[in-house]
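# Coordinate inspection notes
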2 protein chains.
Amino acid sequence: MTSRNASIIVIGDEILSGKTQDSNIKFIADELSAMGILLAEARIIPDSKSKIIQTVNELRNICDFVFTTGGIGPTHDDITSSAIAQAFGLELEINQEALKIMTEKYEKRGATLNEGSKKMAIMPQGVKIIKNSATSAPGFKIENVFVMAGIPWVMQAMFQEIKIHLLASFSDLGSSPFYTQSIEIFIGESIIAKQLEELQAKFPEVAIGSYPFKANEIWGTNINFRSKHKDLIEQAKIEFKLILEDLNK
Amino acid sequence: MTSRNASIIVIGDEILSGKTQDSNIKFIADELSAMGILLAEARIIPDSKSKIIQTVNELRNICDFVFTTGGIGPTHDDITSSAIAQAFGLELEINQEALKIMTEKYEKRGATLNEGSKKMAIMPQGVKIIKNSATSAPGFKIENVFVMAGIPWVMQAMFQEIKIHLLASFSDLGSSPFYTQSIEIFIGESIIAKQLEELQAKFPEVAIGSYPFKANEIWGTNINFRSKHKDLIEQAKIEFKLILEDLNK
């Protein structure tokens, strides 16, 4: 069974400089997994217009969905909207729906939208707004590209809106999530490498991953089973347990 | 002043599935920054041979250095060495130096190298070994590509060896690191967006980043100054403080 696939583009000098630990990729990866969308790739790129254009245009042509985070704020280093417009060959405009949402939210807290904040309503022509329950400025969607904020809690609020949209738009999403199960063993992975390879060959629809760890000076292995088919995971686990019993004989 | 640049390729289904939070990118980013190497891009890709080949070949041609993490263990999902060989059009061989190191380390702890572990000595022809003080199996270097383990503490041990090699091989590295300074203000970034843009234009050699945060329901901004020139950072900070004083008038 083929899955829809997606990619993430994290736009942020602060990640590449080592200043900040990214956490957006893991959050989105978890959400995609639960919807049954395969995350094909994630890229962290700098606040560079040409790089954003090139990366967005490359990935939107090979992935069903592209999610970007970062660079939609009001300052000089926020160039994502302008880069996305250029990637799609569109002009920028003040998005009236975004401006209305922002104006209302500002008024509600007794503030007025200043010129800096207004920049956040400037978007490529004809985009669809991604609502944002966390702060005032929305994200936007154009074709298969979803443009979100970089601040994790703001991005997460936007992603909830995207999720509702995706589940409503694509009937195959959500109904067949990826399931994951792990077995932790205190055996080094080299000892079971051959058997695991055979097990993987026998269960092509279960991705079997082997992850070594060391605890109290002893090597162990985390065997991970991932599939859209719960029953196949269970079968693979049973066979794996038989392998372990054989080893202990 | 131009810097040498680098890219990171994290090879790991476990990151893309959401199972594991990557921490290798931040570690390497910090180390590169201290050496004065610009991290141009980081990509997280699956355990897919064709994807590894394509990504390595793309990035090694546009970056001075490429660092890969993951996929050099003994199990079926460890395909990095084989993919790198193919990317460079080389055959795989048992690397005698790696085999010797591993055999000695195993003997030292009273163990014998099993067939599974021996797989970790299979590398592309003619590579240079990257020593590993943490565990037995080394990484390797081929041209400008450095191939490391995925387990963070093992990767970090390998990176220390790479650092020594890089600093010894390139006299321009290490002597001009990137410096970073931050100023935290309790002013929303939209209020100072215009002034920051002017400040950035005045100091093209200082990357000025603006990162909003919210603490106790109040919006603040983290202004980040990054440059190889400490003095320019200081000058930019002085001018920024004048901007703040003007705002408070």
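Now for a look at the structure at hand.

Conventions we followed
- Residues numbered from 1 in each chain as written.
- Chains lettered and ligands numbered in written order.
- Predicted model: local features only at pLDDT ≥ 70, side-chain atom pairs only at ≥ 80, totals over all residues.
- Helix = DSSP H or I, 4+ residues; strand = E, 2+ residues; numbered from the N terminus.
- Buried ≥ 20, exposed ≤ 12 C-beta atoms within 10 Å, placed from the backbone.
- Contact = placed C-beta atoms within 7 Å.
- Pairing = 2+ DSSP bridges.
- Axes fitted to C-alpha atoms, helices over the stretch in contact; angles between N-to-C directions.
- Nonpolar A, V, L, I, M, F, W, Y, C, P; charged D, E, K, R; others polar.
- Arc of directions from axis to C-beta.
- Core = buried A, V, L, I, M, F, W, Y, C linked by C-beta atoms within 7 Å.
- Parallel < 35°, antiparallel > 145°, perpendicular 65-115°, else oblique.
- Left-handed = near helix turned anticlockwise from the far one by under 90°.

### Comments concerning the overall build of chain A
- Along its length, chain A carries nine helices and eleven strands.
- Dimensions of chain A, computed from C-alpha atoms along their principal axes, come out at roughly 75 × 40 × 35 Å.
- Here chain A holds 249 residues, and 45% of them are scored as buried.
- A sequence separation of at least 24 residues applies to 67% of the contacts in chain A between residues at least 6 apart.

### With respect to the sheet that holds strand S3 (residues 65-69) of chain B
- In space, the twelve strands of this open sheet follow the order S6(A)-S7(A)-S8(A)-S3(A)-S1(A)-S2(A)-S2(B)-S1(B)-S3(B)-S8(B)-S7(B)-S6(B), with mixed pairing throughout. Each edge of the open sheet is held by one strand with a lone partner, namely strand S6 (128-130) of chain A together with strand S6 (128-130) of chain B. Each strand of the sheet is rotated relative to its neighbour by a mean of 20°, with strand direction disregarded.
- Sheet analysis places S6 of chain B next to strand S7 (residues 139-142) of chain B, joined by three bridges and oriented antiparallel. Residue pairing across strands places Ile 129 of chain B opposite Phe 140 of chain B, the latter belonging to S7 of chain B.
- Against the sheet, helix H7 (residues 152-169) of chain B engages S3, S6, S7 and strand S8 (145-148) of chain B, with an angle of about 150° to S8 of chain B.

### Topic: the environment of Gln 181 of chain B
Residues and elements named next belong to chain B.
- Its place among the elements puts Gln 181 in strand S9 (residues 179-185).
- In this structure the C-alpha to C-alpha distance between Gln 181 and Trp 219, which are 38 residues apart in sequence, comes to 20 Å.
- If near-sequence neighbours (up to four positions away) are discounted, Gln 181 is found in contact with Phe 225, Ile 233 and Lys 237.

### Things to note about the interface of chain A and chain B
- Facing the 47 residues of chain A at the interface are 47 residues of chain B.
- Those elements that provide at least two residues to the side of chain A that touches chain B are helix H1 (13-16), helix H2 (24-35), strand S2 (38-45), helix H6 (115-118), helix H8 (193-202), strand S10 (207-215) and strand S11 (218-227) of chain A.
- Per-element tally for the side of chain A that touches chain B: the top contributor is S2 of chain A, with seven residues.
- Across the side of chain A that touches chain B, the residue classes tally to 18 nonpolar, 16 polar and 13 charged.

### Focus on helix H8 (residues 193-202) of chain B
All names here are of chain B.
- Among the residues of H8, those classed as buried are Ala 193, Leu 196 and Leu 199. Buried residues of H8 fall within an arc of 120° about the axis and therefore sit on the same side. Those residues of H8 that are exposed and angled more than 90 degrees off the buried face are Glu 198, Ala 201 and Lys 202.

### A closer look at the nonpolar core
- Core analysis: the biggest nonpolar cluster contains 104 residues, and Val 66 of chain A together with Val 66 of chain B have the highest contact counts within it.
- The contacts of Val 66 of chain B, once residues within four sequence positions are left out, are Ala 6, Ser 7, Ile 9, Val 56, Leu 59, Arg 60, Asn 144, Val 145 and Phe 146 of chain B.

### Quick notes on the sheet that holds S9 of chain B
All names here are of chain B.
- Within the open sheet, the three strands sit side by side as S9-S11-S10. Their pairing is antiparallel. The open sheet has two edge strands with one neighbour each: S9 and strand S10 (207-215). Looking at each pair of strands side by side, their axes are set apart by 20° on average, direction ignored.
- Bridge count between S9 and strand S11 (residues 218-227): seven bridges; the pairing is antiparallel. Pairing of Thr 180 across the sheet is with Arg 226, part of S11.
- Relative to the sheet, helix H9 (residues 230-248) contacts S9, S10 and S11, its axis offset from that of S9 by approximately 10°.

### Describing unusual backbone geometry
All names here are of chain B.
- Positioned with a positive phi, Asn 216 is a non-glycine residue whose angle comes to about 50°.
- Residue placement: Asn 216 occurs in the loop between S10 and S11.
- What makes Asn 216 exposed here is the crowd of 6 C-beta atoms within 10 Å.
- The backbone phi angle of Glu 217 is positive, close to 65°, even though this residue is not glycine.
- Looking at where Glu 217 falls in the secondary structure, it is placed in the loop between S10 and S11.

### Looking at the packing of helix H3 (residues 49-62) of chain A against helix H4 (residues 80-87) of chain A
Residue and element names in this part refer to chain A.
- Two elements in contact, H3 and H4, have axes separated by 9 Å at closest approach and are oriented at 50°. Taken together, the axes of H3 and H4 lie oblique to each other. In this structure, the crossing between H3 and H4 has a hand that is right-handed. Where H3 abuts H4, its residues Lys 49, Ile 52, Ile 53, Val 56 and Asn 57 lie against Thr 80, Ser 82, Ala 83, Ile 84, Gln 86 and Ala 87.

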